[in-house]
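# Structural characterization, general
Letter by letter, the chains look like this.
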Amino acid sequence: MYEEDEVDIPIYLITGFLESGKTSFINFTVAQDYFQIDGPTLLITTEEGEVEYDEKELLKYNTVLEIVEGPEQFTLDYLKKLNRKYRPERIILEYNPLWSVKKLEEMELPHGWGIVQEIVTVDASCFQIYMQNMKSVFMEMAKNADMVMFNRCRPEDPLPSFRRSIKVVNQACDVLFENEEGEIDNIFEDQMPFDTDADVIEIDDADYGIWYVDMGDNPERYEGKTVHFRGMVLKSKDVGADFFVPGRMAMTCCADDTSFIGYVCKCASAKSLVMGSWVDVTATVKWGYMKVYDGEGPVLYAQEIKPAKKPESELVYFN
């Protein structure tokens, strides 16, 4: 991928499994006033679902359609031909995730082309089936996504669990939920398994992942408050000698696909902590800039750090 300041022709990548709502989302977006530009838009689709594109309708919005028949056709030379043919000002790419999003992200593109936004559409009624049968493919889509949009949501769907599944692999991603009436708001109200109004917010081992996601999304709930939890010590040169990261390993796909999740903690005794050891953390939450975050985020200021026993289960699961 290109750095954003090198991109002359931006690519808006829309991906998701077949019948997840990609085409409907693109048809709606192309017709919006805010999306109109002077130059041509090239819409490249790599699969055809139940909803089709009306090429005459697309032309009303200065958008031309190209259909790719198979992954062997989707090459640098092919894209260069499209670039010469249409001279597009931007690209919308409806991409089949079974062709590998990672492969696309690493692919050489025509000069000036670059992915600037990645959106994943999800049929919420099928999400649990996706996670049971195609979890690695889905997590590859979500890893660098700017937005994951769940549509066709039902009242019985465990939406907070869906959201945590995304956030553990991509904390910065926006996660939206829609039903026939539009976006669903405040899905996390009154769903925290711990008391955020307590003098000390007690985070049980089983609830660590929920707290990790919620604090990143809702800093106003935690800023200035005291939290207490058990975590494993991670030390890194990127955070400085007076800092460490107490956290947990999270399983996002399978036993071979785990990642460490946690927030930076400032601690006077950080130098003496042993990498990989377990500690009992009591800390005040503040918000501040950290280079390791590439911006602002939660910073824990230790009140007390004590040795702790290793928990029965070291992993956080996001199902």
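Up top you'll find the structure we're talking about.
A short tour of the structure in this document, coming up. Here the structure is a predicted model, which is why all the values come from computation and not from measurement.

Calculation criteria
- Residues numbered from 1 in each chain as written.
- Predicted model: local features only at pLDDT ≥ 70, side-chain atom pairs only at ≥ 80, totals over all residues.
- Heavy atoms only, no water.
- Phe/Tyr/Trp six-rings, centres within 6.5 Å; stacked < 30°, edge-to-face > 60°.
- Lys NZ or Arg CZ within 6 Å of the ring centre and 35° of its normal.
- Helix = DSSP H or I, 4+ residues; strand = E, 2+ residues; numbered from the N terminus.
- Buried < 20%, exposed > 50% of the residue type's maximum accessible area, 1.4 Å probe, protein only.
- Arc of directions from axis to C-beta.
- Contact = heavy atoms within 4.5 Å.
- Pairing = 2+ DSSP bridges.
- Core = buried A, V, L, I, M, F, W, Y, C linked by side-chain atoms within 4.5 Å.
- Patch = residues over 30% accessible without salt bridge, like charges linked within 9 Å, V, L, I, M, F, W, Y side chains within 5 Å.
- Areas by Shrake-Rupley, 256 points an atom, 1.4 Å probe, with all protein chains shown as cover.
- Salt bridge = Lys/Arg side-chain N within 4 Å of Asp/Glu carboxyl O.
- Lys, Arg positive; Asp, Glu negative; His and termini not counted.
- Charge placed at Lys NZ, Arg CZ, Asp CG, Glu CD.

### Let's talk about the packing of aromatic side chains
This model, assessed by the stated rule, comprises 16 aromatic pairs. Members of the aromatic cluster, each reached through a chain of ring pairs, are F17, F127, Y130, F138, F150, F162 and F177. The ring of F35 is capped by R90, whose NZ or CZ atom sits 3.6 Å from the centre of that ring. Across from the ring centre of Y301, 5.0 Å away, lies the NZ or CZ of K286, which sits over that ring.

### Quick notes on the environment of P97
As for its placement among the helices and strands, P97 is situated in the loop between β4 (90–95) and α4 (101–106). Taking relative accessible area as the criterion, P97 reaches 3% and is therefore assigned buried. For P97 and I14, which are 83 residues apart along the polypeptide, the C-alpha to C-alpha distance reads 9.7 Å.

### With respect to helix α6 (residues 135–142)
Among all positions in α6, only K135, F138, M139, M141 and A142 are buried. What you see down the axis of α6 is that its buried residues fit within an arc of 155°, all on one side. Buried residues along α6 sit in contact with β1 (9–15), α4, β5 (113–123), α5 (127–133) and α7 (159–167).

### Considerations on the pairing of β1
With respect to burial, β1 is a largely interior element, 6 of its 7 residues being buried. Note: β1 against β5, 7 bridges, orientation parallel. Counted as the bridge partner of I11 is I115 from β5. Relative to β4, β1 runs parallel, the two sharing 5 bridges. Its bridge partner being in β4, I14 is matched across the sheet by E94.

### Some remarks on the nonpolar core
Within the largest apolar cluster, 40 residues are counted, with the highest numbers of intra-cluster contacts made by I44, F74, F138 and F150. Those residues in contact with F74, other than ones at most four positions away along the chain, are I44, V68, L79, L93, Y95, W99, L104 and M107. F244, A270, L273 and I305 belong to the second-largest nonpolar core, a separate cluster that totals 29 residues.

### Re a positive patch on the surface
A contiguous patch of positive charge on the surface is contributed by K80, K81, R84 and R87. Classification of K80 by relative accessible area gives partly exposed; the value is 36%.

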